[in-house]
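One letter stands for each residue in the lines below.
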Amino acid sequence: MLNSSKILILLYLIPALTIAQNLLPPIYNYKPLEYKGASKNWGLSVNEKGELFVANNKGLLYFNGEKWSLNKLPNNTIIRSAASVGDRIYTGSYEEFGFWKKNKTGVLEYTSLTHLIKNHLFTSEEFWEILQVDNKILFRSFSAIYIYENDKITVIDPQEIISDIIAYKNRIIVAAGTEGLFEIKDEAIVPLDNQGLLVDKTITDMVIIENGLLIGTKLNGCYLLDDAKLEPWKAMVNDELKMHQLNKILNLTTKKIAFGTIKNGVYLFDPDTQTSQVLNKESGLQNNTVLAMLQFNNQLWLGLDNGIARVRLNNPITYYTDYYGTLGMVYDMAFHNNKLYVGSNTGVFYFENNELKFVEGSQGHVWDLEVVADNLFCGHNTGTYKLNHTKLEKVSSFSGGYEIKKIPEQNSSYMQGTYNGLVKYKKREDDSWEVTKVDGDVNFPIKQLCFETPNILWAAHPYKGFYRIHINNDFDEVVSIKQYIGENAPSEFNIKIYNIKNQIVFFNDKTWYKYDPILDRIILFEEFQKFNNKELLFFDDSYFWFVDNEEEKEIIHTNLKTDSLLITDLQLRERLVSDSQNMIKLSDSLAFITLSDGFAKINRSQFQKQLDSFALPTPTLNFIKDEKDTHTVNQNALKIPFKYSHDITIEVASPELIQPRYHYKLKGPKNYEAYATNGFINFQNLPYGDYFFNVSTVGIDNETSSPSTVEFKISPPWYLSKISIALYILMAIAGVFIVRWYNARKLERKREELELQMKKEQKEKLATLEKEKLAKEIKLKQNELASTTLNIAKKNEMILELKNMLVLHKDKFSNSQRYRSFIKKLNNSVKDTEDWKRFEVNFKELHEDFFERLLKKYPTLTPKDLKLCAYLKMNLSTKEIAPLMAITIRGVEIHRYRLRKKLQIDSTKNLSNFLITF
């Protein structure tokens, strides 16, 4: 018999084991559209870095952890098998096998090996399996085995159909169709003893386990070969494998065995507990037909009939996912009477025999599941119920049972917030409940409440803030109520209230506050300021669970001192619902978290063990790509031309991790530092210069690995290159000389201009002086001419007066001859030509071409006319002209009249002015 302590442990483990059947590791599906290949994937292999190679209907798929690429054979045939050995990836196809190898730029190039086959013809063979044994590579088709070693191929061509091969205890075991097992000896296959159980049974796969060689058949389950003994495998999962057509077997490092089936996905079987977890379409696998399986570290790769899947084994977080929408969003969970109950927006569910079942009559929104005085209460949209196993019993008709809390220092008395105020619960001795509404001014929805003292509680309204409520000693009436609104108080919307170590604490608008009872006001909660923007999921006396409300959705488990754990699992972050998530603690290590479509279980101790034992891998730097070229990172002195540097992408990968995160730093003329959720880190419009880039993988606790680094240089633009700078220097020097030459030329031109200007000014000055001199001379000559003319006029006038006097006194002359002599002399004096000649000479000096121009224009003019014209040009009056011409004034006027006609001058015009301006 078991003792009582063992019975208690067993009872405690029953629900945990039951839940374990439903809680599965996260599954990541890759669809054909994502990996850009065909749907069927026949073989899987990884290299030491964790890079995946997949035998696909369209060719060889290559996944470096971030990016998929498809590599086709020259004949475009289906690849049925793949095996990574060293730096080669061997593949088998239709009448073709060989290996792929990366070139310097990381591109896979294919080399065929079929030309090494001598004296053997293909018979429509496809190579379904590749096995490395020591230095040999074995290629298996259904009809033959080809052994490649030292660039030679040996062919083993038995009569039997070959369905599988394996290296077991230094032997190569061959499964020959329905005839059992054989062994390769001396280039032939020899049957093993005691194979009667396998006759007429199609062997699909073989794997080495702790007890021997596990042999899987298509429809008859598994058999175990231990030395020479063959017997049916006695495991509970065998019946399931017979039903769902076993196809592949894989022995996992977790001490479990994975069975891939054609009809129902993968069974993860634990030989110790004889239990299985099923990964199929119902649990998130995109297809139930498993064609290939592979384990790398804690990851299980699955090649499916439609797609590829990746499963994280031994994950400290496991999930229950509602793929059909029956469960809905989960709001609360509880354990009661060895059953796990789940409350969602569609009702209450429970697990029984590994199956989710619905509690009849619980339709509607469930807000709260709480164990109250050994009873499981369900706060429901329509009221509050007591759950008796799988039946509901109504306890309260008050709608909307939000949250129920025990009243301090009271036995079996509780307070609940509802849609319309507070409700008091008191358990009677007969196990029934007395439910009464608390009277007073509290008639609004109370989503959250907590007690400050037995008679003072705090209540949060979903939209109108929070209240401090005083209740009487019977807890059935509100004595007073105070709402806190002020400068330092939180906003009124969506406030969370907690009693943390006897302090009333509030979370609102990304900030933590607390109530100061001495000051009777709300102040900042200093102890939690570093957790601003983080909602409190759960807390106890030692630890706090926070969740980041921003995009990261990180979960922090901390004691506020030195012990801290950061959980950044991507699937958990994607499925948390802000303001509605909830945590239920089972033990110091185990906790449940509600999700939008199910729930998750967190094993904190397993988390810690993984963190202590797991070293984050250093990411691989694959290439740097600019706008034109792709550069390998192992290049020395990597240079990127400036004209192609406006968009630079650095690809990093960490194939050992599922959906890795990275932390990177870029140092140079421009610095960057950030986290990245994918391996394509992009920089735009970097200035030219030398850069140093390092990147690390980030663990679930935000720890970083050792970095991978690369240095690269962005060349200056052409106008800042060394040649350009040298040219600029030469141009600057030339410019100096040109400027000096130009300035010298300019100075010379200025000197010449000044000299010319000085000469011009001097010449103008001389001309002015000359002009002035000439003007003086002309003035002098004019004066002289005028003086001479006047003198002649006066002389002639005097002579004429003498003549007139002689004429008047003619009678007094006794001698008439003497009189005539005097008269003649006087007439000669008046008509003296010498005077005119002198006048004419002086006049021509002043007006040298006057007479010529007059005669040219008026050729009929007489010398007397010319003489009158000269006197008129000198602006002499008629009175002054008369003595000069030895005629009377009347004679001058008559002469002027005649001259006007000859010159054809109108009587309205002045004759003197005409001649002066002529």
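Residues numbered from 1 in each chain as written. Predicted model: local features only at pLDDT ≥ 70, side-chain atom pairs only at ≥ 80, totals over all residues. Heavy atoms only, no water.

K.L.:
I'd love a proper account of the packing of helix α10 (residues 863-873) against helix α11 (residues 878-885), names of residues and values included.
P.N.:
Viewed as axis vectors pointing N to C, α10 and α11 meet at an angle of 140°, and their least axial separation amounts to 10 Å. The element α10 and its partner α11 pack so that their crossing is right-handed. Along its contact with α10, which presents Lys864, Lys867, Leu868, Tyr871 and Leu872, the element α11 presents Ile881, Leu884 and Met885. Among the residues forming the contact of α10 with α11, the class breakdown is 6 nonpolar, no polar and 2 charged. (Axes fitted to C-alpha atoms, helices over the stretch in contact; angles between N-to-C directions. Helix = DSSP H or I, 4+ residues; strand = E, 2+ residues; numbered from the N terminus. Left-handed = near helix turned anticlockwise from the far one by under 90°. Contact = heavy atoms within 4.5 Å. Nonpolar A, V, L, I, M, F, W, Y, C, P; charged D, E, K, R; others polar.)

K.L.:
Please give an account of the environment of Trp233 that cites residues and values.
P.N.:
With respect to the helices and strands, the residue Trp233 is situated in the loop between β21 (229-232) and α3 (238-244). Residue classification places Trp233 among the buried residues on the basis of a relative accessible area of 10%. What Trp233 contacts, discounting residues up to four positions off in sequence, is Ile209, Leu214, Cys222, Tyr223, Leu224, Asn238, Ile257, Phe259 and Phe269. (Buried < 20%, exposed > 50% of the residue type's maximum accessible area, 1.4 Å probe, protein only.)

K.L.:
Talk me through unusual backbone geometry; I want residue IDs and the actual numbers.
P.N.:
In this structure, Glu187 is a non-glycine residue whose phi angle is positive, near 60°. Residue position: Glu187 is located in the loop between β16 (181-185) and β17 (188-191). Positive phi, normally seen in glycine, also occurs at Lys510, with a value near 70°. Here Lys510 lies in the loop between β47 (503-508) and β48 (511-516).

K.L.:
How would you summarise the sheet that holds β17 if you had to cite specific residues and measurements?
P.N.:
With antiparallel pairing, 4 strands are arranged side by side in an open sheet as β14-β15-β16-β17. Either end of the sheet is taken by a strand with one partner, and the two such strands are β14 (164-168) and β17. With direction set aside, neighbouring strand axes in the sheet form an average angle of 35°. Note: strand β15 (residues 171-175) against β16, 3 bridges, orientation antiparallel. Each bridged residue has a counterpart across the sheet, and for Ala175 the counterpart in β16 is Leu181. (Pairing = 2+ DSSP bridges.)

K.L.:
Give me the lowdown on the side chain of Asn287, citing residues and values where you can.
P.N.:
For Asn287, the location among the structural elements is in the loop between β25 (275-279) and β26 (290-296). Relative accessible area serves as the criterion here: at 15%, Asn287 is assigned to the buried category. Separated by 2.9 Å, the side chain of Asn287 and the backbone nitrogen of Thr289 make a polar contact. (Polar contact = N/O pair within 3.5 Å; in protein donor to acceptor, adjacent residues only side chain to side chain.)

K.L.:
Describe the environment of Val348, naming the residues involved and giving the relevant values.
P.N.:
Tracing the backbone shows Val348 in strand β32 (residues 347-352). Placed 42 residues apart in sequence, Val348 and Thr390 show a C-alpha to C-alpha distance of 9.4 Å.

K.L.:
Describe the packing of aromatic side chains, naming the residues involved and giving the relevant values.
P.N.:
One pass over the full model with this rule turns up 59 aromatic pairs. Summarising the aromatic geometry, the rings of Trp233 and Phe269 are spaced 5.4 Å apart at their centres and angled 80° between planes, so their arrangement reads as edge-to-face. Of the two residues, Trp233 sits in the loop between β21 and α3 while Phe269 sits in strand β24 (residues 266-270), which places them 36 residues apart along the sequence. The class of Phe269 is buried, set by a relative accessible area of 0%. One aromatic cluster is present, built from ring pairs that chain together Tyr498, Phe507, Trp512, Phe525, Phe528, Phe531, Phe539, Phe544 and Phe546. Above the ring of Trp42, the side-chain terminus of Arg80 is found at 4.6 Å from the ring centroid. Sitting over the face of the ring of Phe99, Arg88 holds its NZ or CZ atom 3.8 Å from the ring centroid. (Phe/Tyr/Trp six-rings, centres within 6.5 Å; stacked < 30°, edge-to-face > 60°. Lys NZ or Arg CZ within 6 Å of the ring centre and 35° of its normal.)

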